[in-house]
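Fold and geometry: a report
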Amino acid sequence: MTHAPTCRRWKPLSSWAWCFVAVLLSCSAAVAQDSVIPSRCHIWGPFEVGAWSRVQVDVEVYERGQRLHHVERTVTRVLKRRDEQGYQLDIDTWERLGVALGPRERRTTETGDYPWFVSADRLKDLGEESRSELEWQGETISCQVFEYETVQSGRVISHRDLFHADRFPFFLGRLVVRTPEGEPERIEAREYSRVIESEVPIFLGDRIVSGVLTKTTLDSPERSVVILEELAPEVPGGLVSKRVVERDRDGAIVRREVVSLVDFGDASDWEQNDGESGQLETSRLRGRLFRRWNRADGSDDSRQ
């Protein structure tokens, strides 16, 4: 009845970074049709209409070692529609902003339509390079390799994904390179994601399930970002927790973000909950998320 995750809606990390990540999420992985990649391999694919998740998001922004402001958000996502082509989410955000002039609150709602995967006609024909071996839980597994490109705001975003239909989270590795259109040699940003720990025990309130810990690094001349995520297949949207650390070119932390699962459920749970997200202030699922993160992201938990 309760549990869950989903992450916050994307607010700028830096303009390039979240634009970059938004492309990854909306095009998330490589193929298009169920005959190639089943929708069950998408983070919302296994769930029926009415499934929902709620997370607490805490963001701190720094300048010269001093915290400028702190933002708290409660974000609820509800699966409103699904078909062969994609799915629709209702996203409700309750935001509390702490600034020098005093705290402010606001609530926003939006609806988004998303494809399951990027269309098959964008995939490159890799021939004999369409498969790659990967070490996974002490064994060598054979993954499909998908490559494709998207173009956004004069930038070419090149994707290379490693996919396995039977190993959650299915896309086990991803390399994304961002270059100016017409200048393929000049790399503006590079992003790399991988599973760094499998069979991770994750507490979902009434039971412990097996999930994974992933690490994503985003690098550009101006910023470097490390994103750690705990994912579980039992949760709509997949995400149980997330931690983001952004540094400037000198290595100083300029932004931190922590996303913690508050609750999740199906359509009947949502009705019992009366659909209220903004007023929920407690969580049965917090306090379990920071086990291995310090050594994984290269930072400590001290605040600047």
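This one's a predicted model, so the numbers in the text were calculated from it and none came from an experiment.

1. What to know about the environment of W116
Tracing the chain through its elements places W116 in the loop between β4 (104-115) and β5 (131-136). In this structure the side chain of W116 is engaged in a polar contact, spanning 2.8 Å, whose partner is the backbone oxygen of D83.

2. With respect to the pattern of salt bridges
According to the stated counting rule, one finds 21 salt bridges in the structure shown. E95 serves as the salt-bridge partner of R73, at 2.6 Å between the closest nitrogen and oxygen. In this pair, R73 sits in strand β2 (residues 66-82) while E95 sits in strand β3 (residues 86-98), placing the two residues 22 residues apart along the sequence. The two residues R73 and E95 agree in class, both being buried. As a salt-bridge pair, D161 and R174 come within 2.8 Å of each other at their nearest N and O atoms. Taken as a pair, D161 in strand β7 (residues 155-163) and R174 in strand β8 (residues 171-180) lie far apart in primary sequence, 13 residues in all. Because the salt bridges share partners, they merge into one network encompassing R155, R178, E183, R186 and E188.

3. Brief notes about the confidence of the model for the protein chain
When the pLDDT values of the protein chain are averaged, the result is 81; 75% of them are 70 or greater. The secondary-structure element of the protein chain with the lowest mean pLDDT is helix α1 (residues 15-27), recorded at 40, while strand β11 (residues 223-231) shows the highest, at 97. Between residues 1-29, whose pLDDT stays under 50, and residues either more than four places distant or in other chains, the model counts 129 contacts.

4. Concerning the packing of aromatic side chains
Tallied over the full model, the rule gives six aromatic pairs. Look at F146 and F163: their rings are 5.9 Å apart centre to centre, the planes differ by 45°, and that puts the pair in the tilted class. Within this pair, whereas F146 is found in strand β6 (residues 139-152), its partner F163 is found in strand β7, the two being separated by 17 residues in sequence. Since its relative accessible area comes to 7%, F146 is described here as buried. Among the aromatic residues, ring-to-ring pairing joins F117, F146, F163 and F171 into one connected group.

5. Remarks on the pairing of β5
Examined bridge by bridge, β5 and β6 share six bridges and lie antiparallel to one another. Note on β6: the bridge partner recorded for L134 is I141. The antiparallel pairing of β5 with β6 creates a hairpin that spans two residues between the two strands, and Q137 there sits at a positive phi of about 55°.

6. Brief notes about the nonpolar core
Core analysis: the biggest nonpolar cluster contains 33 residues, and I37, F163 and F171 have the highest contact counts within it. For this core, the secondary structure elements donating two or more residues are β1 (52-63), β2, β3, β6, β7 and β8. Listed in part, the ten residues of the second largest apolar core include I202, L204, V240 and F264.

About the cut-offs
- Residues numbered from 1 in each chain as written.
- Predicted model: local features only at pLDDT ≥ 70, side-chain atom pairs only at ≥ 80, totals over all residues.
- Heavy atoms only, no water.
- Helix = DSSP H or I, 4+ residues; strand = E, 2+ residues; numbered from the N terminus.
- Polar contact = N/O pair within 3.5 Å; in protein donor to acceptor, adjacent residues only side chain to side chain.
- Salt bridge = Lys/Arg side-chain N within 4 Å of Asp/Glu carboxyl O.
- Buried < 20%, exposed > 50% of the residue type's maximum accessible area, 1.4 Å probe, protein only.
- pLDDT = per-residue confidence, 0-100.
- Contact = heavy atoms within 4.5 Å.
- Phe/Tyr/Trp six-rings, centres within 6.5 Å; stacked < 30°, edge-to-face > 60°.
- Pairing = 2+ DSSP bridges.
- Core = buried A, V, L, I, M, F, W, Y, C linked by side-chain atoms within 4.5 Å.

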